[in-house]
Amino acid sequence: MSEISKFAVVHPNAKIGADVSIGPFCVIGPDVEIGPGCEIKNNVSIEGVTRIGPRNVFYQNCVIGAAPQDLKYKGGPTETIIGMGNVFRENCTVHRGTEIAAGKTVIGDYNLFMVGVHIAHDCILENQIVIANETLLAGHVKIESFAWLAAMIGVHHFVTIGKYSYIGAMTPVHRDVPPFMKFSGEPNAVRGINEAGLKRNKFTDDDLTEIKEAYRVLYRRGNNINASLDQLEVPDDLNPHVKYLCDFVRRSCEGRFGRFEENQRLDNDSDRIRRKPQETRDED
């Protein structure tokens, strides 16, 4: 049976699953669905078209499903979709998608978002990601599973962060982050493989050896990146992790500014014109 504080404001049209706890001074909007076993502590706002799976925990002052901070958003019923078992610590914010692109912000399963994390519109986050305090994701960012982002990082829009990567604290991330690698600094650079993270996730010694050699070829020998990729991709029995790394890096090299997803953007300058309030009223 759900436990809802008498001081919470839950719209009668909201769909609340079994065994959900909603603390005092929360506000739950009419188009919100909350799955079973979720715990929503005090002073949390969940709005917009938002679907939340089971066993998520939202700490104090989280705001989930709010409208994007994006000029191309025109007020449509875009979505926020959250999977299961995620933890959102204090003051996290997640914004719903925009009409351009898929119209969804999507978060997978078993992720940990520490204090003050911001996830902007149209972001796609996979599973078992850790993002530390005050790290901010701009719109259309993609993060693959098992990535680890340290504190106070700013991620540029349309960046893709590869699986099992690690980004050091206070890094301004302008371009795609290769999988399996440690990444930090300004200018951005790959600093080695994320050996501790790979061992934690049970990569074999053979896999580690192959990924280390790929790192040396790509980032330590001074070759042209395309020549290095050609060299790595020669064997027919290429290690699958190395193949994934090569495919990722090649796509990123083809992207504008080192961001593959930048090539996929559908908006243009006219979509980002800030109209005066009177112009909006006249159209209505």
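The shown structure was predicted, so the numbers you read here are calculated from the model rather than taken from an experiment.

With that settled, the discussion passes to the confidence of the model for the chain. With 96% of its residues at a pLDDT of 70 or more, the chain shows a mean pLDDT of 94. Counting contacts from residues 280–284, a segment whose pLDDT is below 50, to residues more than four positions away or on other chains yields 2 contacts.

Spatially, the 9 strands line up as an open sheet ordered 2-5-8-11-14-17-20-23-26, and their pairing is parallel. Here the strands that pair on one side only, and so sit at the sheet edges, are strand 2 (9–10) and strand 26 (172–173). Across 2 bridges, the pairing between strand 8 (residues 45–46) and strand 11 (residues 63–66) is parallel. Across the sheet, Ile-46 pairs through a bridge with Ile-64, a residue of strand 11.

Below, the discussion takes up a negative patch on the surface. On the surface, a cluster of negative charge is made up of Asp-205, Asp-206, Glu-210, Asp-236 and Asp-237. Along the chain, Asp-236 falls in the loop between helix 3 (225–232) and helix 4 (240–254).

Turning our eyes to something else, we now look at helix 2 (residues 205–219). The end-to-end C-alpha distance of helix 2, which contains 15 residues, comes to 21 Å, matching closely the 21 Å that a straight helix rising 1.5 Å per residue would cover. Turning to helix 2, its buried residues are Asp-207, Leu-208, Ile-211, Ala-214, Tyr-215, Val-217 and Leu-218. Residues of helix 2 that are buried in the fold lie against strand 27 (181–184), strand 28 (189–193), helix 1 (195–200), helix 3 and helix 4.

Quick look at the sheet that holds strand 12 (residues 79–82) now. Taken in spatial order, the 8 strands of this open sheet run 3-6-9-12-15-18-21-24, and their pairing is parallel. Where the open sheet ends on each side, the last strands, each with one partner, are strand 3 (15–16) and strand 24 (160–161).

Turning our eyes to something else, we now look at the packing of aromatic side chains. Scanning the model with the defined rule gives 8 aromatic pairs in all. Between Phe-180 and Phe-203, the aromatic rings sit 6.0 Å apart at their centres with planes inclined by 70 degrees, giving edge-to-face as the arrangement. Of the two residues, Phe-180 sits in the loop between strand 26 and strand 27 while Phe-203 sits in the loop between helix 1 and helix 2, which places them 23 residues apart along the sequence. Of the two residues, Phe-180 and Phe-203, both sit in the buried class. The ring of Tyr-59 carries Arg-89 above its face, with NZ or CZ at 3.9 Å from the centroid. Across from the ring centre of Tyr-244, 4.0 Å away, lies the NZ or CZ of Lys-163, which sits over that ring.

The alternating pattern of strand 12 places Glu-79 and Ile-81 on one face and Thr-80 and Ile-82 on the opposite face, and all of these are buried. In terms of strand pairing, strand 12 meets strand 15 (residues 104–107) through 4 bridges, oriented parallel. Bridging across to strand 15, Glu-79 finds its partner in Lys-104.

Another aspect to go through is helix 4. Its 15 residues place the ends of helix 4 21 Å apart at the C-alpha level, agreeing with the 21 Å of an ideal helix rising 1.5 Å per residue. Listed as buried for helix 4 are Val-242, Leu-245, Cys-246, Phe-248, Val-249 and Ser-252. With its buried residues spanning 165 degrees around the axis, helix 4 presents them on a single face. Those residues of helix 4 that are exposed and angled more than 90 degrees off the buried face are Pro-240 and Glu-254. Structurally, helix 4 contributes buried residues whose contacts are with strand 24, strand 27, helix 2 and helix 3. Backbone nitrogen of His-241 and a side-chain oxygen of the N-cap are separated by 2.8 Å at the start of helix 4; the cap is Asn-239.

Our next topic: the pattern of salt bridges. Where charged atoms of side chains with opposite charge meet at close range, the side chains can pair. With the rule as written, the count across this model stands at 13 salt bridges. One salt bridge connects Arg-250 with Asp-230, and the closest N-O pair in it is separated by 3.2 Å. Placement of Arg-250 in helix 4 and of Asp-230 in helix 3 is noted, with a sequence separation of 20 residues between them. Salt-bridge contacts for Asp-247 lead to Lys-243; the nearest nitrogen and oxygen are separated by 2.9 Å. Of the two residues, Asp-247 and Lys-243 are both situated in helix 4; the distance of 4 residues between them amounts to about one turn of the helix.

Rules used in this analysis
Residues numbered from 1 in each chain as written. Predicted model: local features only at pLDDT ≥ 70, side-chain atom pairs only at ≥ 80, totals over all residues. Heavy atoms only, no water. pLDDT = per-residue confidence, 0-100. Contact = heavy atoms within 4.5 Å. Pairing = 2+ DSSP bridges. Helix = DSSP H or I, 4+ residues; strand = E, 2+ residues; numbered from the N terminus. Patch = residues over 30% accessible without salt bridge, like charges linked within 9 Å, V, L, I, M, F, W, Y side chains within 5 Å. Areas by Shrake-Rupley, 256 points an atom, 1.4 Å probe, with all protein chains shown as cover. Salt bridge = Lys/Arg side-chain N within 4 Å of Asp/Glu carboxyl O. Lys, Arg positive; Asp, Glu negative; His and termini not counted. Charge placed at Lys NZ, Arg CZ, Asp CG, Glu CD. Expected span 1.5 Å × (residues − 1). Buried < 20%, exposed > 50% of the residue type's maximum accessible area, 1.4 Å probe, protein only. Phe/Tyr/Trp six-rings, centres within 6.5 Å; stacked < 30°, edge-to-face > 60°. Lys NZ or Arg CZ within 6 Å of the ring centre and 35° of its normal. Arc of directions from axis to C-beta. Polar contact = N/O pair within 3.5 Å; in protein donor to acceptor, adjacent residues only side chain to side chain.

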